[in-house]
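Spelled out from the first residue to the last, the chains are:
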Amino acid sequence: MTKYQIEGGHRLEGTVTISGAKNAAVAIIPAALLVKGVCKIENVPDISDVQILLQILEQMGASVRHLSSNTVEIDCSQVDYVEPNPDLVRRIRASYYLIGALLGRFGRAKVAMPGGCNFAPRPIDQHVKGFEALGADVEENSEYVIAQAQGDALQAGRVNLDVVSVGATINIIIAAVLAPGQTIIENAAKEPHIVDLANFLNTMGARISGAGTDVIKIKGVKSLRGGFYSIIPDQIEAGTYMAAVAAVGGNVLVKNVIPKHMDCISAKLREMGAKVTEYDDSIRVEKVRRLRRATVKTLPYPGFPTDMQGQIGVCMTLAEGTSRITESIYETRFFAYCQEFRAMGAIMEVNGKTAAITGVESLHGATVQAHDLRAGAALVIAGLAAQGETFVENIHYIERGYENLIGKLTALGAQIRRVED
């Protein structure tokens, strides 16, 4: 078993450069199936989720060329309809975007149920609602989602999502791009990676407006052409390093960020006592005193992101007083790391959707397990802040979404390495 060995108690100093956004990349790569031409995509994060999606496209007949570790050319011109490899599909959550892409291009899709992190049940009912509004018949079972457009091609439609769903918003956009007429998505999610997907598709010839608001309009086009695109920086990766500095201590310049995307995280760290200074495309974080208690409620963008819940939770374990986190999106998410935090000396009580965390003077090292991507990142931060040695197991979850984590942390002075049993 491969795991991380961490010697805690070392301040973080220096500069870290943020990679491309995981959540944008895993939407844009399936969307490339719609394009009859070469897509050159830069700032692609070198993470396992991206590698799996590119492998899926290659097995479907796409030409994939890696120009560098972060630049890829994708040509799906010669792809004919084929079922994506179910074994690969089941390894990542974002594979459900292949349903929208295949429906949009071929009018049919048979895609295995996605995998990924299992911290909460995440039904795809809102995705299905959107596909049906575009004229598809959809059948779900325990193994597959099977969709067929009536008349072999989707048509424009109107979708009012019952809940704000990032995944459904993205999947409906992808499916509707080539559907004749105007599709309207109401109560749409507004996350930066949704805007990035729309910008990518518009660069390739789509006509999408309103991305970043709660009403998105898509005017169907006959075809998409190839082109060049660069993915936005990763909001959650940046937030993870910012939280690490606040928890562990130090002074770090976080480069290649869009500060506006970080407002919800920056504001909370400032409230807790960290010094956060914004520049044009970077943010400096300094820990100048012991952190103060805070109250956080996770919300859809522009609110505090659920994907930062565990990372801010580490900061709270070391803050003065009792902090509270209310999870409004995935209420069972606490259980992915609660017991692990306690094993390191944290005082944390969970009651339904709310966790109360009473700060302690210090955490201590322990052997802990990552149960999902973001909980795993939180455990790494906890290990960096703890006294003594920590081993983090199940690191494959972490490497789904963080490029070169060990290299970046080591450059900041952290003592972390991969070890084998």
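Quick summary incoming for the structure in this document. In this text, all values refer to a predicted model and were calculated from it rather than measured experimentally.

Concerning the sheet that holds strand β9 (residues 158-160)
Read across the open sheet, the 4 strands follow the order β9-β10-β12-β11; overall the sheet is mixed. Both outer strands of the open sheet, β9 and β11 (207-209), are each paired with one neighbouring strand and no more. Geometrically, the sheet is characterised by an average inter-axis angle of 10° between neighbouring strands, direction not taken into account.

Comments concerning the side chain of D234
Within the secondary structure, D234 is located in the loop between β13 (227-230) and α8 (235-248). Within polar-contact distance, the side chain of D234 engages the backbone nitrogen of K22 at 2.8 Å. At 2.9 Å, the side chain of D234 forms a polar contact with the backbone nitrogen of I236. Not counting residues within four places of it along the chain, the set of residues in contact with D234 comprises I18, S19, G20, A21 and K22.

Some thoughts on the environment of R342
Position of R342 relative to the elements: it lies in helix α11 (residues 338-343). Residue R342 is classed as partly exposed on the basis of its relative accessible area of 31%. If we skip the residues at most four places from it in the chain, R342 touches M348, E349 and V350.

Looking at the packing of α8 against helix α10 (residues 309-317)
Contact geometry of α8 with α10 gives a least axis separation of 9 Å together with a crossing angle of 5°. Here α10 runs roughly parallel to α8, going by the angle between their axes. Note on element contacts: α10 touches α8 through Q311, V314 and C315, opposite I236, T240, A243, A246 and A247. A class-by-class count of the residues in the contact of α8 with α10 yields 6 nonpolar, 2 polar and no charged.

Regarding unusual backbone geometry
The omega angle of the peptide bond from Y301 to P302 is 15°, so this bond is cis rather than trans. Turning to its location among the elements, P302 is positioned in the loop between β17 (295-297) and α10. Unusually for a residue other than glycine, N187 sits at a positive phi of about 60°. By the secondary structure assignment, N187 is in the loop between β10 (182-186) and α7 (192-203). We classify N187 as partly exposed; its relative accessible area is 28%. At N404, a position not held by glycine, the phi torsion is positive, near 50°. Looking at the element boundaries, N404 is found in the loop between β22 (389-393) and α13 (405-411). Judged by its relative accessible area of 48%, N404 is partly exposed.

Quick word on the sheet that holds β13
Within the open sheet, the 4 strands sit side by side as β4-β5-β3-β13. Their pairing is mixed. The open sheet has two edge strands, β4 (63-68) and β13, and neither has a second partner. Along the sheet, successive strands turn relative to each other by an average axial angle of 20°, direction set aside. Inspection of the sheet shows strand β3 (residues 38-42) paired to β13 by 4 bridges, in the parallel sense. Bridge pairing in β13 places K40 opposite F228.

Some words on the packing of aromatic side chains
In this structure the tally under the stated criterion is 4 aromatic pairs. Measuring from ring centre to ring centre gives 5.8 Å for Y81 and F106, while their planes differ by 75°; the resulting arrangement is edge-to-face. In this pair, Y81 is assigned in the loop between β5 (71-75) and α3 (86-89) and F106 in helix α4 (residues 97-106), connecting sequence segments 25 residues apart. Pairing Y337 with F341 gives two aromatic rings, centres 4.7 Å apart and planes at 50°, and the pair type is tilted. Judged by relative accessible area, which is 2%, F341 ranks as buried. For the cation-ring pair, R90 lies above Y144, with the distance from its terminal atom to the ring centre recorded as 5.6 Å. Sitting over the ring of Y144, K110 keeps its end group 4.6 Å from the ring centre.

Regarding the packing of helix α1 (residues 22-31) against α7
α7 packs onto α1 with a crossing angle of 30° between their chain directions and a minimal axis gap of 9 Å. By the criterion of interaxial angle, the relationship of α1 to α7 is roughly parallel. Between α1 and α7 lies a crossing whose hand is right-handed. The residues of α7 that touch α1, namely those facing N23, A24, A27, I28 and A31, are H193, D196, L197, F200 and L201. Classifying every residue of the contact of α1 with α7 gives 7 nonpolar, 2 polar and 1 charged.

Parameters and conventions
Residues numbered from 1 in each chain as written. Predicted model: local features only at pLDDT ≥ 70, side-chain atom pairs only at ≥ 80, totals over all residues. Heavy atoms only, no water. Pairing = 2+ DSSP bridges. Helix = DSSP H or I, 4+ residues; strand = E, 2+ residues; numbered from the N terminus. Axes fitted to C-alpha atoms, helices over the stretch in contact; angles between N-to-C directions. Polar contact = N/O pair within 3.5 Å; in protein donor to acceptor, adjacent residues only side chain to side chain. Contact = heavy atoms within 4.5 Å. Buried < 20%, exposed > 50% of the residue type's maximum accessible area, 1.4 Å probe, protein only. Parallel < 35°, antiparallel > 145°, perpendicular 65-115°, else oblique. Nonpolar A, V, L, I, M, F, W, Y, C, P; charged D, E, K, R; others polar. Phe/Tyr/Trp six-rings, centres within 6.5 Å; stacked < 30°, edge-to-face > 60°. Lys NZ or Arg CZ within 6 Å of the ring centre and 35° of its normal. Left-handed = near helix turned anticlockwise from the far one by under 90°.

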